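# Summary of structural features
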Amino acid sequence: MVELLITSRIKQILEMICDASDSITVKKIAKKLGVSTRTILREMPTVEKWLENNDFRLIKKPRIGIKLIATLEDRKRLKRLLDSEWIEKIYTPEERQLLILSELLERKEPTKFFYFSHLLKVSEGTISHDLDKVEDWGNRYKLTLIRKPGLGVYLTGDEEDFRRATINLLYEHFDETQMLHIMKHNLTTQGKAKDSIEINTRNKLMNLIDREIIKVIETIIHKVEGDLEYTLTDSSYAGLIVHIALAIQRIKNNENIKMNEDILSELINSEEYKIAEKIVDQISESIGIEIPNDEIGYITMHLKGSKMRNGANKNDFKDIDEFIIDNFELTRLVNKMIKIAESESGYALQHNENLLVGLVSHLRPTINRLKMNLDIRNPLLSKIKEMYPEIFEISKQSAEVINERFNFSMPEAEIGFIAMHIGAAIEKNMLDQSIANRIYHVIVACTSGIGTSKILAARLKKEFEHLKIVDSVSTLQINELWLEENKIDLVISTVYVEKCIIPWVKVNPLLLKEDVIKIQEALEELAIKSKQTFHHNIELELDLKERACALKEYSEGIFEILDSFFFKDQLEIEHINALIRYASDLVGDELLKADIIEEDLLKREKNGSTVLTGKGIILLHCRTDGVQSLKFGVLRLSQNKPINYLNNGKEEKINTALIMMAPIDKNMRHLEVISEISQNLIEGDNFVDTLVQGTNENIYKEINRILNRFLNSKINERQEDF
């Protein structure tokens, strides 16, 4: 007897007939399964055939229903047979379309309708309807679906669009946690199918990248990551590996990508390109495949568009002011964004350094991604729009600052991330500053990186006044020794935490009501176990001597700036290198010192210029062994002879240079003083206008005003410590 392979629906019908103590109608079966009576009637011949093959008898009575003639033992035997029965997969329309799309993205040659019809066990008419949906999806990525009678169906488009479509298809069906799991465990197809019809759609999708090579790439990326100035977020890490794995798969199929020559030549000069070259060299050596320069360019783009793990706040940087100077123009833009958010929300945000640093750190790689037409994904977008509609709209208005500057149209996914930063700052602003005597030390663990951990932390502080959030970390960074040393009571994570030595709670990044209950229960258990043993806030206050020393150092820095101040007007200098040499000779008190200063300034410029866009001001600054104290001055060129300077691909006319220098080993408070001047360039236009148009006396008075206000603020801070 030929074994009859049944579908999951037929199995459900058989189970319902078996469980019915009396007759059951087709209408009742259809209603329970959520299909039409016509569908059930179409399945009945197969149901009857299966029962007949297995020695069961079925009675059908018009207007009464269907009844199984069987004893209790017979019904138990039927159940055992159904439990061991192989089920023929019935695909939903979405699953069929995903499988068709996966095949078309993977295959170079046309595929006949019959192939899909046979594979998916549906008519060619159904396949044609599925292809309409596939065509709509492909159009989103500039891929054209070609249907040729007698030849078959296939996709056409640029290689760049094929790769973009493939990666987006993967991210539509695998979230970040699943991607990371694939990276860590190098998953292979699990389970076994009885025949080729039983295809797991998700495993089929993963065939678009070579899973065998993922482990090789992951090992290489892990080694090379140390060459970066920052650690990649989990999402950037996974995204880079997926991109390289897909690129190798396409190269093997002789599908090479071409990059715009101007963009490639610009990327070649970056530090990320050198790292990308190292990655490619090691991959080529490991798997024996030649990878062209254009591919190196695209890996460079991904590196430049990557984010730092855990985002950033002011405590992450030893010198917050140097961070602001190094991100000069972007800091100005973010300040404008924050002003808009403050005006629209009604909350004081302009002096929130964590918000400023967080947005600058987040937007720096984001702008690179948008410039290079790389996709931005935000799995929390729908939740953000639902739970924070007002903040989302405020963020959209703030984002116009970036749109106008770079001629972008900021995608909603990115606006959602901005909303996370602004929302976290607003919620922190709303917190009650009084903290209960009993506090629990917790860490927030996330994989999404920048915005997610911050908004979760802010939500936690709002809901639980007695929580002290010690740090926000990646799940990959959780360290047992560190947990013990910092007396962490609880880990609050957005993903599953493996082998954690202390209690942990998994929550939604937006902290839903059920998450609050889970945390409350966890804290109650901690209270019982610890028998009310308290941790105390260990922040130490400065004693009188330390306060006095701090004010003395700030004052010393102010004296050095005022004593060294210089102003030169109506200079005729033709190019930026000559301007650097002039400044070096002016500041260096001997030829050797001037040479050292020039070398350090040129090196600093190579890493990225600091130009005040549209104002004609360049900031020439560095730490150098060429000076022994702080140096500050202004050089102004002749009005009709500005220097033409290329800044980020855009020509700027430079007519004013702000010179700022500090010794390599300079006291941090001295650096804080000189950086206060550069921050005033960002915060308002009065100082900028004075530098461009004012006299020597005007500029000196403005510097006095800035430094006087700075010193007063520090005195007030110290008084609060008493």
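In case you missed it, the structure is sitting above this.
The notes below deal with the structure included here. All values derive from a computational prediction rather than experimental measurement.

### Some points on the nonpolar core
Note that soluble globular proteins tend to have their nonpolar side chains buried in a common cluster. The biggest cluster of nonpolar side chains holds 40 residues, and the ones touching the most others in it are L330, V334, L363, I402 and I418. Taken together, the elements giving at least two residues each to this core come down to α17 (328-345), α18 (353-371), α19 (381-387), α20 (389-406), α21 (412-429) and α22 (450-463). The dominant element in this core, judged by the number of residues it contributes, is α21, at 10 residues. Setting aside residues no more than four positions away along its own chain, L363 makes contact with L330, V334, M337, I402, E414 and I418. Counting 34 residues, the second largest nonpolar core, distinct from the first, contains I220, I248, I275 and L374.

### Here we look at the sheet that holds strand β11 (residues 566-571)
Spatial ordering of the open sheet is given by β11-β14-β17-β13-β12, a layout of five strands whose pairing is mixed. Single-partner strands in this sheet number two, and they are β11 and β12 (611-612). Examined bridge by bridge, β11 and strand β14 (residues 631-637) share four bridges and lie parallel to one another. Bridge pairing in β14 links K568 to L635. With respect to the sheet, helix α26 (residues 576-587) is in contact with β11, β13 (617-624), β14 and β17 (656-663), its orientation differing from that of β14 by roughly 140 degrees.

### Structural notes on the packing of helix α6 (residues 113-120) against helix α7 (residues 124-139)
The N-to-C vectors of α6 and α7 enclose an angle of 105 degrees; their axes lie 9 Å apart at closest approach. Between α6 and α7, the interaxial angle falls into the category roughly perpendicular. Side by side, α6 and α7 meet where F113, F114, F116, S117 and L120 of the first sit next to E124, I127, S128 and L131 of the second. Of the residues contributing to the contact of α6 with α7, the split by class is six nonpolar, two polar and one charged.

### Some words on the pattern of salt bridges
Counted according to the given criterion, the structure contains 21 salt bridges. Notably, a salt bridge pairs R9 with E43, separated by 3.1 Å at the nearest N-O pair. Here R9, found in helix α1 (residues 8-19), pairs with E43, found in helix α3 (residues 37-53); they are 34 residues apart in sequence, far enough to count as distant. One salt bridge in this structure joins D22 and K67, with 3.7 Å as the shortest N-O distance. Placement of D22 in the loop between α1 and α2 (26-33) and of K67 in strand β3 (residues 65-69) is noted, with a sequence separation of 45 residues between them. Taking the relative accessible area as the measure of exposure, D22 reaches 45% and is therefore partly exposed. Overall, the relative accessible area of 30% leaves K67 in the partly exposed class.

### Overview of the sheet that holds strand β7 (residues 440-446)
Taken in spatial order, the four strands make up an open sheet running β8-β7-β9-β10, and their pairing is parallel. Pairing within the sheet leaves two strands with one partner each, and these edge strands are β8 (467-474) and β10 (504-506). Pairwise comparison of adjacent strand axes, ignoring direction, gives a mean angle of 25 degrees for this sheet. Sheet topology note: the β7/strand β9 (residues 490-493) ladder contains four bridges and is parallel. From the neighbouring strand, V442 faces β9, where its bridge partner is L490.

### Looking at the environment of E560
Turning to its location among the elements, E560 is positioned in helix α25 (residues 544-564). When the C-alpha positions of E560 and F632 are compared, they lie 8.7 Å apart, and in sequence the two are 72 residues distant. Residues contacting E560, with those up to four places away along its chain left out, are S629, L630, K666 and H670.

Conventions and cut-offs
- Counting restarts for each chain: residues are numbered from 1 in the order of the written sequence.
- pLDDT decides what is reported in this predicted model: residues at 70 or higher carry local features, side-chain atom pairs at 80 or more are listed and counted, and totals for whole chains, interfaces and linings draw on all residues regardless.
- Hydrogens are left out, water is left out, and the side-chain values use all remaining heavy atoms of the structure.
- Among buried residues, the Ala, Val, Leu, Ile, Met, Phe, Trp, Tyr and Cys ones that are joined through side-chain atoms within 4.5 Å form a nonpolar core.
- For every residue, the accessible area obtained with a 1.4 Å probe (protein chains only) is divided by the maximum for its type, and the residue is called buried under 20%, exposed over 50%, and partly exposed between those limits.
- Helix and strand definitions follow DSSP, with helices as H or I runs of at least four residues and strands as E runs of at least two, each counted in order from the N terminus.
- Contact between two residues is taken to exist if any of their heavy atoms lie within 4.5 Å; hydrogens are not considered.
- Pairing between strands requires that DSSP locate at least two bridges from one strand to the other.
- For helices, the fitted line uses only the C-alpha atoms of the stretch in contact; every axis is such a line through C-alpha atoms, and the angle between N-to-C directions lies from 0 to 180 degrees.
- Working definition: roughly parallel below 35 degrees, roughly antiparallel above 145 degrees, roughly perpendicular at 65 to 115 degrees, and oblique for all remaining angles.
- Amino acid classes used here: Ala, Val, Leu, Ile, Met, Phe, Trp, Tyr, Cys and Pro are nonpolar; Asp, Glu, Lys and Arg are charged; the rest, including Gly, are polar.
- Salt-bridge detection follows one rule: a side-chain nitrogen of Lys or Arg within 4 Å of a carboxyl oxygen of Asp or Glu.

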